[in-house]
Amino acid sequence: MQRNRGILFSHVCCSTLLCFWIAVCRSVVLVEGSPQGIPLSVRCCIVKLWASAFGGEIKSLSAKYSGSQLLQKVPEALPDPDIVNGVYWSEALNKVFVENFERDPSLIWQYFGSAKGFFRQYPGVKWHPDEHGVIGFDCRNRKWYIQAATSPKDVVILVDVSGSMKGLRLTIARQTVSSVLDTLGDDDFFNIIAYNQEIHYVEPCLNGTLVRADRANKDHFRQHLDKLFAKGIGLLGDALTEAFTILSDFNQTGHGSTCSQAIMLVTDGATKMYDSVFEKFNWPDRKVRIFPYLIGRESAFADNLKWMACANKGYFSQISTLADVQENVMRYLHVMSRPKVIDHEHDTVWTEAYVDTLPGLSDKRAPSMMTTVAMPVFSTKNETRNQGILLGVAGTDIPLQELMKIIPKHMLGIHGYAFAVTNNGYILTHPDLRPMYQQGKKRRKPNYSSVDLSEVEWEDKDDILRNAMVNRRTGTFSMEVKRTVDKGKRVLKMHNDYYYTDIKGTPFSVGVALSRGHGKYFFRGNVSVEAGLHDLEQPDVALADEWTYCNTDEHLEHRPLTQIQAIRLFLTGRQPHLKCDRELIQEVLFDAVITAPLEAYWTGLALNKSENSDKGVEIAYLGTRTGLSRTNLFVVPELLSNQDFLTAEDKEGVFNADHFPLWYKRAAEQVPGTFVYSVPFSSASENKSVVLASTAIQLLDDRKSPIVAAVGIQMKLEYFQRKFWTACRQCTALDGRCSISCESGDINCYLIDNNGFILVTEEISQTGLFFGEVEGAVMNKLLQMGSFKRITLYDYQAHCRDYAGSSDCARTLLNVSIFLLEFNFYSWWNVGLSVKGKPPCMVPCDTEYPAFVSERTIKETTGNIDCEGCFRSFVIQQIPSSNLFMVVVENKCDCSSAPPVTIDPIEIMYILHSIKTLKFQKDRKKPESCHPFHPEENAMECGSATGLSSTLTAALFPLLTSLISR
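If you look the protein chain up in an unreviewed UniProt entry, it shows as Calcium channel, voltage dependent, alpha2/delta subunit 3 from Gadus morhua. Turning to the protein chain, the UniProt annotation filed under Subcellular location (unreviewed entry) states: "Membrane". One UniProt comment on the protein chain, placed under Sequence similarities (unreviewed entry), says "Belongs to the calcium channel subunit alpha-2/delta family."

So this is what it looks like as structure tokens:
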């Protein structure tokens, strides 16, 4: 037996090939075979990206043809020739797309988003408009497009709310500001100022600063836009001065993007050019671009606004109707992209995680977490170099689930997991990230893509782990954690060791959490290939669907293979190009052989009608540390009380890329040989029809011995309760009569688990409820006596509804006995185990809620409760070799006035939005690439400059010549 601690991360970065190598090295226990310790092999995930100036070879899913979708409103009589031409020349991408897939069949999706508004995707699909006949998807609004096209930016939006902006103009202005917000991403910072004769910050609590442009902040500011009303006169000079001051001060703090800066001016006119303001704050460097948006059809003051844009490297647009808003707002992105395009920088950008299905498809595919890799596509013609013509952005989607399959889950232990974060500290992938919530059907949470690591690893109060990963360090960290399971209603306390490093060529960092007590020792055994394959291919055997035993995605001919089929081909040498994890396969073969006798054992039980005559036990199941599972049904599937258990619908009950099954994890935290009983919770409705019982199988009777498997059963709730009441009627008295029993009207009997949930009670409707909700006074007393402990938990991904007796008597009660179910699970590892209306609107919120855990050392407790002068006695007794407790309570007193003890969450109320907003102004790693301006940039490409009056043109050219010469 040899111990070898630590984690090894290695990473390689090439100019056009981004390699992400992860190796997780843990100790092993050698039971058979070589006496030498064998370290784990390196697991490699290679994320490849090829790009060319034309649009690049971007990894994608295979199909014969791509398809284009025009997402810009074009007059039927006179289509935009640039759009038509772009659709034609982009057809050349089809060949590149096909070649990409032939080179790498694991590619998922590829596309090209044009700066003109059309979107070419591969493979081509039919797009389905909404009920209004509109396809609302615009690729230029997607984060991958914006991040690839522009550099990070600090933006101040000035909105004119003078009296002339009343009516439709103010409505258009609001929509314009909202559209600008759509173009801002997590690397950008912003604020909105409304002005007339005074300066009004849209969010008064955030004056003089900028906030990150995450979805929560943008949505909050949008709500305040509706509160704007027009009156008075507009003092634009004061507003510009305030905007320049904010940008300068915030840039000096180093908290913003420290890259591009811009002022968006939304107004119906300007009476003068305010050149004195620009000369004081922006000239000669012109680091802040000005983007005026003239609202309305009148052009009386248009010349002044056009001059501002041209004199400050910006772009002028006029917006006459609501239909004009989107296209005119988008134009500023192309100006911001000029420096990057002139530099011919093919910066690779990676987006934060998001939920998506294939765009435009009508089938009901399950939503999947994705990240997008994208690059800008630009013209390389020398004659248009200083114009910085952006053609569009090319990108590909990478399902995060595919990346997580690379992690050797069996090496991380029962509670171990891998996770990754972005440069902003947002979660890219983490088993505790919940992007969906249930409300009739699954829906996306509005802020799921900006969940900070500190919101799931919240025990790290000082952000030590978070900040180290954001700053792309390599290191380790340890802390005590509270992991919630079973829909957040149960908690496991453990100590985690974290290992982390950066992923070269990306803005991400990856970490691995390993729980102490699991994964430090590993069991290894050897069997012949013939014996292993024979037992692995039995009908009752399945392998973890999301674990990678063999890589069947790399080559097209391997994709139809199941993991078991792939293992056979690999071991028999019939597919030499098939890549498999030989060590994991050897262990799963060993588990298949060792657990094979269970099939005959379970078959014998099924044939022996006396053992299960009333079909109370419905399913027997086993899972091993290698993801192998065996299942035996004692009833036909149609008669199962809970048909979701051990299926794809039961996410927590099966092996997946994130975790071991819930019944496996809970059994592993109990004393070996102890059964864990529970009533499963269902997200849709409480499923109280079955009881699950499971226990862990340990190799040796030693704390250092690894847990090699867990085994359990599903039984009917009615069957379990009947066994309980039968046992309660059995007394130890010589005459067989009970002095007191649960059938007496003077007492209430409960069977609860170690988290306080009721499994058996006389009131069937109380099954599955928390004991404190039924017997609040008793639960409060148990907490005071230390029989149960309250653990405070926090949920920063929650959704909330939005609405405009005496000791002698107690000893007597102890005569009530309790049964112990006998299930003889024979251990084939030489370990003998024998244990006898309309839904309300839901909005994101933060909540605090309690969980409860029993104290293992307290086996029996009695107590009295004072219910307004009437004393009520109770007794609680632990059931041996289980996680269950028998609670017997006298009911002669009325204790209904005692408040219940609930597990309901309480919303954390913030006095001001700014308090919560500023809470998220945490450390972040700025993107390494920054292209704020370029000396060769043609500043005269600034909108409708050709319409400048001769006087203004004469004034502008000398000014620009003077500025450029400096």
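Once the structure has been displayed, the description carries forward.
Judged by nonpolar contacts, the single largest core of 54 residues is most densely connected at Trp144, Phe419, Leu465 and Tyr498. For this core, the leading source of residues is strand β17 (residues 368-378), giving five residues. Trp144 has contacts with Tyr111, Gly113, Phe119, Cys139, Val349, Thr351, Thr372, Ala374 and Val393, leaving out every residue within four places of it along the chain.

Quick look at the state of the cysteines now. What we call a disulfide is simply a covalent bond connecting the sulfur atoms of a pair of cysteines. Scanning the model with the defined rule gives seven disulfides in all. Sulfur-sulfur distance for the disulfide between Cys550 and Cys580 comes to 2.0 Å. Judged by the sign of its S-S torsion, about 110°, the bond between Cys550 and Cys580 is right-handed. Remark: Cys580 occurs in strand β29 (residues 579-580) and Cys550 occurs in strand β28 (residues 550-551); sequence separation between them is 30 residues. Taken as a pair, Cys550 and Cys580 share a single burial class, namely buried. Paired through a disulfide, Cys800 and Cys845 show a sulfur-sulfur distance of 1.9 Å. Between Cys800 and Cys845, the S-S dihedral sits near 80°, and the bridge is therefore right-handed. For Cys800, a relative accessible area of 11% gives the class buried.

The subject of this paragraph is the packing of aromatic side chains. Taken as a whole and assessed by the stated rule, the structure comprises 41 aromatic pairs. Ring geometry for Trp547 versus Phe655: centroids 5.7 Å apart, planes at 80°, classification edge-to-face. Of this pair, Trp547 sits in the loop between β27 (541-543) and β28 while Phe655 sits in the loop between β31 (628-633) and α16 (662-668), and the two are 108 residues apart along the sequence. A network of ring pairs unites the aromatic residues Trp547, Tyr549, Tyr621, Phe645, Phe655, Phe660, Trp663 and Tyr664 as a single cluster.

Glancing now at the pairing of strand β33 (residues 690-698). In the case of a regular strand, side chains alternate between the two sheet surfaces. Counting buried positions along β33 gives nine out of nine residues, so the element sits mostly inside the fold. Where burial is concerned, the two faces of β33 agree: the one with Val690, Leu692, Ser694, Ala696 and Gln698 and the one with Val691, Ala693, Thr695 and Ile697 are both buried. Where strand β32 (residues 676-678) lies against β33, three bridges are found, and the strand directions are antiparallel. Directly across from Ser678, in β33, lies its bridge partner Leu692.

Attention now goes to the environment of Val470. Relative to the elements of secondary structure, Val470 occurs in helix α11 (residues 464-470). Here Val470 is in contact with Thr422, Asn423, Asn424, Gly425, Asp923, Arg924 and Lys925, once residues within four sequence places are set aside.

Where helix α13 (residues 563-571) contacts helix α14 (residues 582-595), the axes come no closer than 12 Å and their chain directions differ by 110°. The pairing of α13 with α14 is recorded here as roughly perpendicular in orientation. Contact residues: α13 offers Ile567, Phe570 and Leu571, while α14 offers Arg582, Ile585 and Leu589.

Excluding glycine, residues mostly carry a negative phi; peptide bonds, for their part, are mostly trans. The linkage connecting Tyr122 with the following residue, Pro123, adopts the cis geometry, with an omega of 5°. Structurally, Pro123 is set in the loop between β7 (118-122) and α3 (143-149). Here the phi dihedral of Arg286 falls at roughly 50°; this positive angle occurs in a residue that is not glycine. Within the secondary structure layout, Arg286 lies in the loop between α7 (275-281) and β13 (288-295).

This paragraph deals with the sheet that holds strand β41 (residues 860-867). The antiparallel open sheet is built from five strands, whose spatial order is β36-β35-β43-β42-β41. Because the sheet does not close on itself, it has two edges, and the strands there are β36 (758-761) and β41. When the angles between neighbouring strand axes are averaged without regard to direction, this sheet yields 20°. With three bridges connecting them, strand β35 (residues 747-753) and β36 associate as antiparallel partners. Bridge pairing in β36 places Leu751 opposite Val760. The strands touched by helix α17 (residues 717-728) within the sheet are β35, β36 and β43 (884-890), with β36 carrying the most contacts at an inclination of about 55°.

Bringing the packing of helix α12 (residues 529-536) against α13 into the picture now. Taken N-terminus to C-terminus, the directions of α12 and α13 make an angle of 165°; their axes are 11 Å apart at the nearest point. As judged from the angle between their axes, α12 and α13 are roughly antiparallel. For the crossing formed where α12 meets α13, the hand is left-handed. Contacts between α12 and α13 pair Val529, Leu533 and Leu536 from the former with Ile564, Ile567, Arg568 and Leu571 from the latter. When the residues that make up the contact of α12 with α13 are grouped by side-chain class, the tally is six nonpolar, no polar and one charged.

With that out of the way, let us pick up the sheet that holds strand β24 (residues 490-502). Ordered in space as β20-β19-β25-β24-β23, the five strands form an open sheet in which the pairing is antiparallel. What marks the edges here is a single partner per strand, and that holds for β20 (427-429) and β23 (475-485). Ignoring strand direction, the axes of neighbouring strands in this sheet form an average angle of 35°. Pairing of β24 with strand β25 (residues 509-515), which is carried by seven bridges, proceeds in the antiparallel orientation. Counterpart to Asp497 in the pairing with β25 is Leu514.

Positionally, Asp894 belongs in the loop between β43 and β44 (906-907). Through-space distance from the C-alpha of Asp894 to that of Arg872 is 8.8 Å; in sequence the pair is 22 residues apart. Separated by 2.8 Å, the side chains of Asp894 and Ser896 make a polar contact.

Calculation criteria
- Residues numbered from 1 in each chain as written.
- Predicted model: local features only at pLDDT ≥ 70, side-chain atom pairs only at ≥ 80, totals over all residues.
- Heavy atoms only, no water.
- UniProt positions renumbered as here; feature names shortened; annotations may be inferred.
- Core = buried A, V, L, I, M, F, W, Y, C linked by side-chain atoms within 4.5 Å.
- Buried < 20%, exposed > 50% of the residue type's maximum accessible area, 1.4 Å probe, protein only.
- Helix = DSSP H or I, 4+ residues; strand = E, 2+ residues; numbered from the N terminus.
- Contact = heavy atoms within 4.5 Å.
- Disulfide = S-S within 2.5 Å.
- Phe/Tyr/Trp six-rings, centres within 6.5 Å; stacked < 30°, edge-to-face > 60°.
- Pairing = 2+ DSSP bridges.
- Axes fitted to C-alpha atoms, helices over the stretch in contact; angles between N-to-C directions.
- Parallel < 35°, antiparallel > 145°, perpendicular 65-115°, else oblique.
- Left-handed = near helix turned anticlockwise from the far one by under 90°.
- Nonpolar A, V, L, I, M, F, W, Y, C, P; charged D, E, K, R; others polar.
- Polar contact = N/O pair within 3.5 Å; in protein donor to acceptor, adjacent residues only side chain to side chain.

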